[in-house]
Amino acid sequence: MNSPEQKPVTQERLKLAGFLDSRTKFRMLQHHLLLEPLPGGSRWAAAFGSLLMFTFVMQIVTGILLTMNYAPTVHAAFLSVVFTRKQVPLGWLIQRLHYWGSSAMVILLLLHMVQVFLWGAYKKPREFTWIFGVILLGITMALAFTGYLLPWDEQAYWASKVGMGIIGTVPLIGGSLRTLLQGGPHLGNLTLTRFYTMHILILPGLLIITLAVHLYLFRIHGVTPPWWETPERLKLQEEPFWPGQALKDGFLALLLLCILGLWCWFHPVPLAGMADPAKAYNARPAWYFMFLFELLKFFQGKYEIIGTFILPGLFFAIMLFWPFLDRNPAMSPRRRPFAVSLMAVCVFGLLGLEVFSIETSQVMPVRSLSVIRNLPMPAAAGPLQQVRAAALFSTNCAACHEVNGTGDALRTAMPKIPNFTDATWQAAQTNAAILHRIVHGKPPYMPPFGSKLTAPQIQALAVYVRHFSKATGTAKAPAPGRHAATPFSKTRPAGAPPKPRPAH
Ligand code: HEC
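Residues numbered from 1 in each chain as written. Predicted model: local features only at pLDDT ≥ 70, side-chain atom pairs only at ≥ 80, totals over all residues. Heavy atoms only, no water.

## A word on the overall build of the protein
When helices and strands are tallied, the protein shows 21 helices and two strands. Each of the 504 residues in the protein was classed as buried or not, and the buried ones make up 42%. Total accessible area on the protein is roughly 28,200 Å²; 70% of this is exposed by carbon and sulfur atoms. (Helix = DSSP H or I, 4+ residues; strand = E, 2+ residues; numbered from the N terminus. Buried < 20%, exposed > 50% of the residue type's maximum accessible area, 1.4 Å probe, protein only. Areas by Shrake-Rupley, 256 points an atom, 1.4 Å probe, with all protein chains shown as cover.)

## Description of the confidence of the model for the protein
For the protein, per-residue confidence averages 83 on the pLDDT scale, and 86% of positions sit at 70 or higher. Note that residues 473-504 has pLDDT below 50 and, in this model, 55 contacts with residues that lie over four places away or in other chains. (pLDDT = per-residue confidence, 0-100. Contact = heavy atoms within 4.5 Å.)

## With respect to the nonpolar core
Residues Trp130, Trp152 and Leu192 are the most contacted members of the largest nonpolar core, which totals 58 residues. Per element, the largest residue contribution to this core is 12 residues, and it comes from helix α6 (residues 127-149). If near-sequence neighbours (up to four positions away) are discounted, Trp152 is found in contact with Val74, Ala77, Phe78, Tyr157, Leu187, Gly188, Leu192, Met274 and Ala275. Listed in part, the 21 residues of the second largest apolar core include Val403, Trp425, Ala460 and Val465. (Core = buried A, V, L, I, M, F, W, Y, C linked by side-chain atoms within 4.5 Å.)

## Examining the coordination of the iron atom of the ligand
Taken together, His401 (NE2) and Met446 (SD) make up the full set of protein donors to the iron atom of the ligand, lying 2.0 Å away. Taken together, the six donor atoms surrounding the iron atom of the ligand define angles of 87 to 179° at the centre, an arrangement classified as octahedral. Of the two residues, His401 is situated in helix α18 (residues 398-401) and Met446 in the loop between α20 (431-440) and α21 (455-472); the sequence distance between them amounts to 45 residues. Residue classification places Met446 among the partly exposed residues on the basis of a relative accessible area of 22%. (Donors = N, O, S within 2.8 Å, 3.2 Å for Na, K, Ca; no water. Tetrahedral: all angles 85-135°; square planar, octahedral: opposite > 155°, others 65-115°.)

## Focus on the packing of α6 against helix α13 (residues 304-325)
Put simply, α6 and α13 touch, their axes get as near as 7 Å, and they point 165° apart. By the criterion of interaxial angle, the relationship of α6 to α13 is roughly antiparallel. Crossing of α6 over α13 shows right-handed handedness. Here Glu127, Phe128, Trp130, Ile131, Val134, Ile135, Leu137 and Gly138 of α6 come into contact with α13, specifically with Phe316, Met319, Leu320, Trp322, Pro323 and Phe324. Each residue belonging to the contact of α6 with α13 can be placed in one class, and the counts come to 12 nonpolar, one polar and one charged. (Axes fitted to C-alpha atoms, helices over the stretch in contact; angles between N-to-C directions. Parallel < 35°, antiparallel > 145°, perpendicular 65-115°, else oblique. Left-handed = near helix turned anticlockwise from the far one by under 90°. Nonpolar A, V, L, I, M, F, W, Y, C, P; charged D, E, K, R; others polar.)

Now the structure itself:
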């Protein structure tokens, strides 16, 4: 490679390189990484593995950037994702690259596996390279599954609920496994923190270790040479990894980045409303899990376990041990009719289920699945909590008392209007008096609400009125929309209060 027309290497550079090499042995590493001999020379078709590495690195980089603005709590997760999309410079792009990048990774992984299968690259002596590859597939799917929940929108919530239900059907350990992963009997804050830890620490760590083993095994046995070449020709055409293959890989990585970038430009990441456990939602899983959902539909009731565990488990087990099941030593696909047709059936079966469920735009009616039904819905909050007190207050009371409870604006017209944020006023009131006043009103201005509102609504309003003092401790009431300390965290006063009645 050091051709004579290249810049002459100066004495100093040689000395520096020699010094660094004596300390770090970097030349050995360089040699090992770049000069691996490729029998048969560089090939475009051999780039899938490198492309996968590239997408994985991209997922790490975009993932780290996403964590900088993400908060794994049920209250903040959704809003932090919205914040990333709307407020963080280029946040939308990072999120799209990460979201669609995971799809790219799944597609490349499948292409890589199909290719390895067709080339017979799992055969002796590469059985373990294949096995670690299948484990990598499993880890990637787990990463996709755990990542899906993190935005905590309705879509994520219900799809994950179905997913956890499926995990719960694993014989013997299913229930405990689900509780462990979920952090309790229901999806909640602990689910989010656990999924987050799995998604950003445990699974990527496992993936890196497995990948290291996969690559180590790959390097021990080298690239599988094309089956159509004779050993002599392979030897003749042998080429080192650098520069031929490295440039091909690099070019394809760049191309992939361009395609992904273009795709991301036109396709926002879908985001439904914030997850609401009390509101059913017909979830749709990520497209790469769609076939599993489709499969579930064929097995209802007590046969469900066939779709949730037996078939997928069998499939995975066969994949895992395939190199030991397939004893045919031939490499050419033409001389392996059984293996190749089995693969075709699997690939087209999966694609068929996939296309069918996308075409018929199947959603998973969550409630009809027994994997979901066998757990009771989380208990709804009590009647007081279900009433949207802040909204009630702003439609019925804020016209006079104002959203901040001071009533200052109308005090000249209604001199007796109380200041709810005033501690002395609060101290002078009994709860019964407040309730009584809301029910019966007080002429001439304070209207009675006893016939207009329900008992829980009136009780909630009384609590709400009490809260004006507690929230601040001073004369300043909470700002509209930020009644964060009330038990009614979901409520928000409607925009402008209705026009006050003219005082006469
Ligand atoms: C049309 C204006 C108006 C509306 C609407 C209104 N109030 Fe009042 N409210 C008043 C006035 C004026 C007073 C003072 C009455 C007095 O002491 O004579 C008052 C008094 C009160 C008091 C204190 C009563 C006392 O004994 O000191 C409470 C509590 C109260 N309002 C709650 C509410 C609630 C809750 C709502 C909404 C459901 C509401 N008000 C809607 C005008 C209004």
